[in-house]
Amino acid sequence: MKLILKLLIGIAAGVVVGLSGIDWLIRSLVTFTGMFGEWINFVIPLIILFFIGSGIASIGKGSSKLVGATVGTAYLSTITAGIMAFFVAVAIMPFVTSERQPPEEGAAPEAFFSFELTPFMDILTALVLAFIFGIAIAALKLDGLKTVFDEGKSVIEKVIYIAIIPVLPFYIAGIFADMAAEGTVLETLQVFGIVLAVAIATHWIWITLQYTAAGVATGQNPFTLIKTMLPAYVTALGTMSSAATIPVTLRQTKQNRVSEAVANFSIPLSATIHLSGSVITIVSCAVAVMAVLDGYTVPGFLTMLPVILALGVIMVAAPGVPGGAIFAALGVLTTMLGFSEAAMGMMIVLYFAQDSFGTGANVTGDGAIAVLMDKVAERQSPEAPQMEAQRKAE
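Residues numbered from 1 in each chain as written. Predicted model: local features only at pLDDT ≥ 70, side-chain atom pairs only at ≥ 80, totals over all residues. Heavy atoms only, no water.

**Quick look at the overall build of the protein**
Across its full length, the protein carries 16 helices and zero strands. Taken over 394 residues, the protein has a buried fraction of 52%. For the protein, restricting intrachain contacts to residue pairs at least 6 apart in sequence, the fraction spanning at least 24 positions comes to 84%. Here the protein has roughly 16800 Å² of accessible surface; of this, 67% comes from carbon and sulfur atoms. (Helix = DSSP H or I, 4+ residues; strand = E, 2+ residues; numbered from the N terminus. Buried < 20%, exposed > 50% of the residue type's maximum accessible area, 1.4 Å probe, protein only. Contact = heavy atoms within 4.5 Å. Areas by Shrake-Rupley, 256 points an atom, 1.4 Å probe, with all protein chains shown as cover.)

Right under this line is the structure:
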């Protein structure tokens, strides 16, 4: 919450500086933003390589039908949520922008200087290598190599905590100073306020659909299931961390008549790989950013579908730090959608503004997956008929 406050202060400071007309100060912030943007682009492939490689290697340890079913269900949930978010955003954006005309832009402030920090590898290469090494480590039980990936993950996580997150307010200030100087900032903020409300509403629609599916599969009332999971949702609003909410999510899931063995397995795993709420936010905000910053054009479904599929993979092992999902997703957005520095900055601001609600949607959805996996485990058990009869009797 302190970080969100700092980001808001950064936005306000950037707008004030941009409107002040002090050329050297605006150009200084723009110069810093360009340099820090290069630093973020340099780190993103390393985030993807080490986090996804380590995540896949860890998932592979428990190779079983239930692991496969959980991972498959989480991925399907994530990409379906993204597709739904796309159609909701596309339906809303024309109404948000129809009565607004793009403002007349002033001259874009120029940086004092710029430099290029070439990434160690591109995004697609990092993603492919992460899969190759992750699968190989799990299949061949290469503990030494897994240690390398785990320690690399720890290094990059520390880099995010120390060298990225604390500097974000200054980066955001530079982006908003640039936008204010060009005369586009007020129009942009008005649209994005509506988009955030739409994203949070979409979270709840998706939670309802998830528990409807779980209720139909198990014969339980979906709204009763959701009511039981509300303490986990509220806890996530405060922690902004799926991992930190696991104890509460686990307790409430067991109260939804999920067996202890399945709950103990599926909840910690889903906390890592199931980020449907985060993808809803990323897709909704990406559509808004493209509509506002890219000449009021809404992307087509065939343009966004590969992005959503890639985001589903990226979310499997997004960094477990505040805003980790958006840092991992920036690689996809810049590579596949061509996002600029301003677009990246807006995505970071929008994501952090709703991070607690996205986390709440993530952990609440984990409970629905656990209910479904409990049903799968029952069917795989030789005592399935007796267990089903007992459930009906209860």
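From this point, the narrative continues.
**Some thoughts on the packing of aromatic side chains**
If you walk through the whole model with that rule in mind, you get ten aromatic pairs. Where F87 meets F301, the ring centres are 5.2 Å apart and the plane angle is 25°; that geometry is what we call stacked. A residue pair is termed long-range when its members are at least 10 positions apart, and F87 in helix 3 (residues 65–97) and F301 in helix 12 (residues 301–314) qualify at 214 residues. Judged by its relative accessible area of 28%, F301 falls in the partly exposed class. Where F133 meets F149, the ring centres are 5.5 Å apart and the plane angle is 40°; that geometry is what we call tilted. One end of the pair, F133, is in helix 4 (residues 123–140); the other, F149, is in helix 5 (residues 143–164), with 16 residues separating them in the sequence. (Phe/Tyr/Trp six-rings, centres within 6.5 Å; stacked < 30°, edge-to-face > 60°.)

**Observations concerning the confidence of the model for the protein**
Within the protein, residue pLDDT values average 81, and 87% of them lie at 70 or more. Per-element confidence in the protein ranges from a low mean pLDDT of 49 for helix 16 (residues 384–393) to a high of 89 for helix 12. (pLDDT = per-residue confidence, 0-100.)

**Remarks on the nonpolar core**
Of all hydrophobic cores here, the largest spans 88 residues; its most connected members are F327, L333, F339 and M347. Per-element tally for this core: the top contributor is helix 2 (residues 23–60), with 13 residues. What F339 contacts, discounting residues up to four positions off in sequence, is A286, V289, M290, L333, T334, M344 and M347. (Core = buried A, V, L, I, M, F, W, Y, C linked by side-chain atoms within 4.5 Å.)

**What about a nonpolar patch on the surface?**
Taken together, I22, W24, M35, F112, F113 and F115 make up a surface patch of nonpolar side chains, about 610 Å² in accessible area. Mapping F112 onto the fold places it in the loop between helix 3 and helix 4. Assessed through its relative accessible area of 43%, F112 is described here as partly exposed. (Patch = residues over 30% accessible without salt bridge, like charges linked within 9 Å, V, L, I, M, F, W, Y side chains within 5 Å. Salt bridge = Lys/Arg side-chain N within 4 Å of Asp/Glu carboxyl O.)

**Some thoughts on the packing of helix 1 (residues 2–20) against helix 6 (residues 168–182)**
Helix 6 packs onto helix 1 with a crossing angle of 35° between their chain directions and a minimal axis gap of 7 Å. Once helix 1 is placed against helix 6, the crossing between them reads as right-handed. Judged by residue contacts, K6, L7, G10, I11, G14, V15, V17, G18 and L19 of helix 1 engage L168, P169, I172, A173, F176, A177, A180 and A181 from helix 6. A class-by-class count of the residues in the contact of helix 1 with helix 6 yields 13 nonpolar, three polar and one charged. (Axes fitted to C-alpha atoms, helices over the stretch in contact; angles between N-to-C directions. Left-handed = near helix turned anticlockwise from the far one by under 90°. Nonpolar A, V, L, I, M, F, W, Y, C, P; charged D, E, K, R; others polar.)

**With respect to unusual backbone geometry**
Trans peptide bonds make up the majority, and among non-glycine residues the majority have a negative phi. Phi is positive for K141, close to 55°, though the residue is something other than glycine. The exposed category is assigned to K141, whose relative accessible area is 68%. Backbone geometry at R257 places phi at a positive 65°, although glycine is not the residue there. Tracing the sequence through the fold places R257 in the loop between helix 9 (246–255) and helix 10 (260–273).

**Describing the pattern of salt bridges**
Scanning the entire structure with this criterion turns up three salt bridges. A salt bridge links K146 to D150; the shortest N-O distance between them is 2.7 Å. Separated by four residues within a single helix, K146 and D150 lie in helix 5, roughly one turn from each other. Among the residues examined, K146 registers a relative accessible area of 9% and is labelled buried. Between K254 and E260 there is a salt bridge whose closest N-O contact spans 3.9 Å. We classify E260 as exposed; its relative accessible area is 52%.

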